[in-house]
Amino acid sequence: MTLAVQRVPRELSARVPAEQRGPGRERDDVRLLVSRGTEVTHHAFRELPCLLRAGDLLVVNTSPTLAAAVDGRVGHARVVVHFSTRGDDGRWAVELREPDGKGTTRARAGGAAGTEVRLAGGVRLALEEPLSPGSGRLWWARVSPAGAVPSSAGAVLSSAGVVPGLLREHGRPIRYSYTERDQPLSVYQTVFALPSADGTGSAEMPSAARPFTARLVAELVSRGVQFAPITLHTGVASAEAHEPPYPERFAVPEASARLINAVRGGGGRQARGRVIAVGTTAVRAVESATGADGLVRARAGWTDLVVTPARGVRVVDGLLTGLHEPEASHLLMLEAVAGRAAISRGYEEALGGRYLWHEFGDVHLVLTEESADAEHCSGNHL
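Before going into details, it helps to say that this report is about the structure given with it.

Cut-off values and rules
Residues numbered from 1 in each chain as written. Predicted model: local features only at pLDDT ≥ 70, side-chain atom pairs only at ≥ 80, totals over all residues. Heavy atoms only, no water. Pairing = 2+ DSSP bridges. Helix = DSSP H or I, 4+ residues; strand = E, 2+ residues; numbered from the N terminus. Core = buried A, V, L, I, M, F, W, Y, C linked by side-chain atoms within 4.5 Å. Buried < 20%, exposed > 50% of the residue type's maximum accessible area, 1.4 Å probe, protein only. Contact = heavy atoms within 4.5 Å. Phe/Tyr/Trp six-rings, centres within 6.5 Å; stacked < 30°, edge-to-face > 60°. Lys NZ or Arg CZ within 6 Å of the ring centre and 35° of its normal. Polar contact = N/O pair within 3.5 Å; in protein donor to acceptor, adjacent residues only side chain to side chain. Axes fitted to C-alpha atoms, helices over the stretch in contact; angles between N-to-C directions. Salt bridge = Lys/Arg side-chain N within 4 Å of Asp/Glu carboxyl O. Parallel < 35°, antiparallel > 145°, perpendicular 65-115°, else oblique. Nonpolar A, V, L, I, M, F, W, Y, C, P; charged D, E, K, R; others polar.

The next point concerns the pairing of strand β2 (residues 39-44). Note that strand β1 (residues 31-36) and β2 share six bridges and pair antiparallel. The residue bridging V34 from the neighbouring strand is T41, located in β2. What sits between the antiparallel neighbours β1 and β2 is a turn of two residues, in which G37 has the positive phi angle 60 degrees.

What follows is about the nonpolar core. Core analysis: the largest hydrophobic core is formed by 40 residues, its most contacted members being V252, I260, V296 and W357. Among the elements of the structure, β3 (57-61), β11 (226-233), β12 (248-252), α5 (254-264), β13 (275-278), α6 (280-288), α7 (330-338) and α8 (340-352) are those that each provide at least two residues to this core. In terms of residues, this core owes the most to one element, α7, which gives five residues. Ignoring any residue separated from it by four or fewer positions in sequence, one finds V252 in contact with I230, A257, A285, V286, A289, V296, R297, A298 and R299.

Further remarks concern the packing of aromatic side chains. Considering all chains together, one arrives at seven aromatic pairs under this definition. Among the aromatic residues, ring-to-ring pairing joins F45, F192, F212 and F227 into one connected group. Lying over the aromatic face of Y355, R31 brings its terminal NZ or CZ to 3.9 Å of the ring centre.

With that settled, consider the environment of E128. The topology assignment puts E128 in strand β9 (residues 124-130). Through-space distance from the C-alpha of E128 to that of A141 is 5.4 Å; in sequence the pair is 13 residues apart. If we ignore the near neighbours within four places in the chain, the residues touching E128 are R91, A113, W139, W140, A141 and R142. Separated by 2.8 Å, the side chains of E128 and R91 make a polar contact.

What follows deals with the sheet that holds β13. Taken in spatial order, the nine strands of this open sheet run β2-β1-β16-β15-β13-β3-β11-β12-β14, and their pairing is mixed. Every other strand in the sheet has two partners, leaving β2 and β14 (299-303) as the edge strands with one partner each. Here the strands of the sheet are splayed against their neighbours by 20 degrees on average, with no regard to which way each runs. In terms of strand pairing, β1 meets strand β16 (residues 363-367) through five bridges, oriented parallel. Paired with S35 across the strands is V366, a residue of β16. The sheet contacts of α7 involve β15 (318-322) and β16, and relative to β16 the element is tilted by about 40 degrees.

Its identity is not glycine, yet R354 carries a phi of approximately 55 degrees, on the positive side. The residue R354 is located in the loop between α8 and β16 in this model. By relative accessible area, R354 is classed as partly exposed at 45%. You will see that H358, though not glycine, has its phi angle at about 80 degrees, which is positive. Looking at where H358 falls in the secondary structure, it is placed in the loop between α8 and β16.

All right, on to the pattern of salt bridges then. Side-chain pairs of opposite charge can arise where the charged atoms are in close proximity. Within the structure shown, the criterion is met by 29 salt bridges. Here R142 ties to E128 by a salt bridge, and the two come within 2.5 Å at their closest N and O atoms. Of this pair, R142 sits in strand β10 (residues 138-144) while E128 sits in strand β9, and the two are 14 residues apart along the sequence.

To continue, consider the pairing of β10. The buried fraction of β10 is high, at seven of seven residues. The alternating pattern of β10 places L138, W140, R142 and S144 and W139, A141 and V143 on opposite faces, both of which are buried. As judged from the four bridges shared by strand β6 (residues 92-99) and β10, these two strands associate in the antiparallel manner. By the bridge assignment for β10, V94 is matched with W139. In terms of strand pairing, β9 meets β10 through six bridges, oriented antiparallel.

Turning our attention to the packing of α7 against α8. The contact between α7 and α8 brings their axes to 7 Å, and the two run at 120 degrees. Here α7 lies oblique to α8, going by the angle between them. From α7, L331, L334, E335 and A338 reach across to α8, where they touch R340, A342, I343 and Y347. Here the residues of the contact of α7 with α8 sort into six nonpolar, no polar and two charged.

Rendered as structure tokens:
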């Protein structure tokens with residue numbers, strides 16, 4: 001089910017990062033829409049510290065963004081491979097796309113088991129089976145270094161470093177057509193990103209955290225706001241398909257689980273801090289580690305959890321997120337946190353206020369009504 005709001009005008013797509021929109025601008029020079037039930041206020045993102053309170057906890061994703069797009073050829077045809085997710089058996093889930101002649105890509109029809117893609121450095125990729133039955137967009141593929149046989153599982157498992165090395169040398173960040181130009185990988189890394197030991201990470205940036213700067217984090221800490229790191233390596237989310245999330249690799253460490261439980265258990269509903277997820281990835285990870293008793297436990301592995309209004313949320317009191325297209329599946333998660341009326345109202349305000357969409361755009365703080373406080377910022381900065 002989609003929200004009853006109009007489609008987003010193309011001119012509201014954020015085409016470049018905030019820091020490239022004018023002299024002296026920084027990442028946190030974006031706007032912040034705040035929804036408390038159906039009450040909406042407008043702020044600068046730099047006002048976030050005075051919208052939170054001492055004891056609140058921000059759950060942040062430490063997954064680094066990969067340079068996940070690599071040029072290749074299928075026969076004589078040029079393709080772009082988007083590397084999405086590494087499987088336990090060494091295979092990678094990939095999406096094949098076509099160059100559009102404008103520096104970006106478009107969806108590519110077709111694809112069949114056995115299709116071979118030639119990549120830089122003599123690396124070969126062979127499609128084996130669709131990631132999901134009935135869907136031909138994402139495929140499990142075996143990757144082999146120069147001289148190896150692509151269909152050999154042994155060759156794949158013995159060359160675990162092939163894809164990370166390929167991406168480091170020949171990859172670039174995934175870019176969609178609403179952006180203006182290619183950007184260096186550093187533009188797609190959040191302040192919370194940490195390198196992973198095996199070279200894996202997110203195919204697309206956990207973008208809700210992008211506006212945070214070291215200075216803003218320091219101010220939040222000085223005001224008593226806490227941080228709980230988790231990891232969820234997000235896969236490719238095609239701009240055209242708006243498919244439900246598929247399984248992704250995640251980890252909630254013991255220290256973060258204990259901190260979340262401590263915040264939730266402190267001093268009664270009105271006195272305790274709020275657990276606010278920074279991004280839909282953080283919601284998916286922490287809710288995947290939460291039992292029916294409401295306790296978060298250390299967990300690592302794969303999650304196929306889809307957070308919907310019917311399922312609800314067990315831990316999260318709020319969500320800081322970017323603005324999603326009206327048909328995007330992520331909106332179901334927002335409705336699970338705050339309800340359909342609140343999200344519809346927020347998106348009407350975002351469109352009327354000409355907020356910017358997508359990963360370089362503005363940000364939306366969604367709070368459950370019972371967790372909302374009276375604000376301490378001046379607000380209503382349109």
